[in-house]
Amino acid sequence: MDQIAIGKFISECRKEKHLTQAQLAERLGVTDRAVSKWETGRSMPDASIMLELCEQIGITVNDLLNARRIEMNNYKEIAEKTMLEMRRHEEQASKKMLMYEVVVGIICMAVFLVLTGVAALADIENRIKIILIATGLLTVVGYSLIALRIETEAGYYECPNCGERYVPRYRSVLFAPHINRTRYMRCPHCSKKGWHKKVLTKEK
Ligand SMILES: [Zn+2]
C-alpha cells in the first residue's frame, strides 16, 4: 500500500467535491490536521472512519486503498488483492508494535538495573539512593503501562473455544493472568474463559 499515493488521491477526490480540508474534517468529526496528515501520506485514516471518508469524497474503500478509481469489470480481483494487502499491512504494523514493546522493555530494564545498582553500590547519600530507586521503579511502572497498551491494541486475541479474534478491553488485559502473550480472559463472543493467544490478524 502506497500511503503517499493514497494521500494524493484523497486530496484529488476532496477537491473534486469542492471541499476544503477543514470542511471535510468537520463532516468526519476529525481535526483538519488529521486530514492534512492523510493527504501528505504521513498517516492512514483509521478503519473506523474510512467508510465515512470514502462516502464523503465519492469513492469506494477499494478505490481509496488502490489510490485510483477501479473499473467494475476487474473489481473482484482487485478487491481480493486489496484485502490481502490490508491484512499484510496490519500484520506488519502489529509486528512492529510488539517488537517495539520488547526493545523498550529491554532498555527500561537496563535503566532500572543501572539505577538500583548505583544506589546499592555507590558511596552516596541515602536521599540520592532513594531518588535513584524511585526513578528506576517509575521507569518500570511507566513501561508496564505502555506494554499493556501495546498488548491490548496490537493484533488480536483468539478464543480457543469459538475461534473469535477480537481486541479486548484495556481493563481485561490489565487483570488477566498471562504466560508470555497468551492471556487468561473471558471471550466477548461466547463468554467462556480460556487462554487466549495473541495473533497478528483478524482473519485466519
Ligand atoms: Zn469464544
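Per chain, residue numbering runs from 1 following the sequence as it is written. Two thresholds apply to this predicted model, a pLDDT of at least 70 for residue-level local features and 80 or more for giving and counting side-chain atom pairs, whereas whole-chain, interface and lining totals are computed over all residues. The side-chain values count all of the structure's non-hydrogen atoms but skip hydrogen atoms and water molecules.

Peer 1: Can you break down the pairing of strand β4 (residues 182-186) residue by residue, with the values?
Peer 2: We call a residue buried when its accessible area falls under 20% of the maximum for its residue type, exposed when it is over 50%, and partly exposed in between, using a 1.4 Å probe and counting protein chains only. Helix and strand labels come from DSSP, where a helix needs a run of H or I of at least four residues and a strand needs a run of E of at least two; each type is numbered from the N terminus. Where burial is concerned, the two faces of β4 differ: the one with Arg183 and Met185 is buried and the one with Thr182, Tyr184 and Arg186 is not. For strand β3 (residues 178-179) and β4, the ladder comprises 2 bridges, and the chain directions are antiparallel. Bridge pairing in β4 links Ile179 to Thr182. What sits between β3 and β4 in their antiparallel hairpin is a turn of 2 residues, with Asn180 showing a positive phi close to 50°. Paired strands, as defined in this entry, are two strands with at least two bridges between them according to DSSP.

Peer 1: Kindly report on the environment of Val173, identifying the contributing residues and their values.
Peer 2: Secondary-structure assignment places Val173 in helix α8 (residues 170-174). Residue Val173 is classed as buried on the basis of its relative accessible area, which comes to 0%. Considering only alpha carbons, one finds Val173 and Thr116, 57 residues apart in sequence, at a separation of 29 Å. Contacts are assigned to residue pairs that have any heavy atoms within 4.5 Å of one another. The contact partners of Val173, leaving out residues within four places of it in the chain, are Leu148, Glu151, Thr152, Tyr157, Pro168, Arg183 and Met185.

Peer 1: I'd love a proper account of the coordination of the zinc ion, names of residues and values included.
Peer 2: Metal donors: N, O and S atoms at distances within 2.8 Å, or within 3.2 Å for Na, K and Ca, with water omitted from the atom set so that some sites may seem incomplete. Around the zinc ion, the protein supplies Cys159 (SG), Cys162 (SG), Cys187 (SG) and Cys190 (SG) as donor atoms, at distances of 2.2 to 2.3 Å. One can describe the site at the zinc ion as tetrahedral: its 4 donor atoms subtend angles covering 105 to 115° at the metal. Sequence spacing of the donors to the zinc ion: C-x2-C-x24-C-x2-C. Judged by its relative accessible area of 1%, Cys187 is buried. Note on geometry labels: four donors, all angles 85 to 135 degrees, give tetrahedral; four donors become square planar and six octahedral when opposite donors are over 155 degrees apart and every other angle is between 65 and 115; remaining cases are irregular.

Peer 1: How would you summarise the side chain of Asp63 if you had to cite specific residues and measurements?
Peer 2: By the element assignment, Asp63 lies in helix α5 (residues 61-66). For the buried Asp63, no salt bridge exists, and the shortest N-O distance to an oppositely charged side chain is 5.0 Å, to Arg69. Excluding residues that lie within four positions of it along the chain, Asp63 makes contacts with Phe9, Arg68, Arg69 and Ile70. Within this scheme the basic residues Lys and Arg register as positive and the acidic residues Asp and Glu register as negative, but His and the chain ends are omitted. Only one rule defines a salt bridge in this text: a Lys or Arg side-chain nitrogen within 4 Å of an Asp or Glu carboxyl oxygen.

Peer 1: Residues and numbers for the sheet that holds strand β1 (residues 156-158), please.
Peer 2: Pairing in this open sheet of 5 strands is antiparallel, and the strands run β2-β1-β5-β4-β3 from one edge to the other. Here the strands that pair on one side only, and so sit at the sheet edges, are β2 (165-166) and β3. Against the sheet, helix α7 (residues 126-153) engages β1, β4 and β5 (193-199), with an angle of about 90° to β5. Fitted lines through C-alpha atoms serve as axes, helices being fitted only where they are in contact, and the angles separating the N-to-C directions of these axes extend from 0 to 180 degrees.

Peer 1: Explain helix α6 (residues 75-121) to me, and be specific about the residues and the numbers.
Peer 2: The length a helix should cover is 1.5 Å for every residue beyond the first. With 47 residues, α6 extends 68 Å from end C-alpha to end C-alpha; this agrees with the ideal 69 Å at 1.5 Å per step. By the burial criterion, the buried members of α6 are Ile78, Thr82, Ser94, Leu98, Glu101, Val104, Gly105, Cys108, Leu115, Thr116 and Ala119. Among the structural elements, α5, α7 and β5 are those in contact with the buried residues of α6.

Peer 1: Could you give an account of the domain arrangement of the protein chain, with specific residues and numbers?
Peer 2: Boundary definitions for the domains trace back to an automatic or database domain assignment. If you check the domain split of the protein chain, you get domain 1 (3-70), domain 2 (87-152) and domain 3 (155-199). Centre-to-centre, using C-alpha coordinates, domain 1 lies 34 Å away from domain 3.

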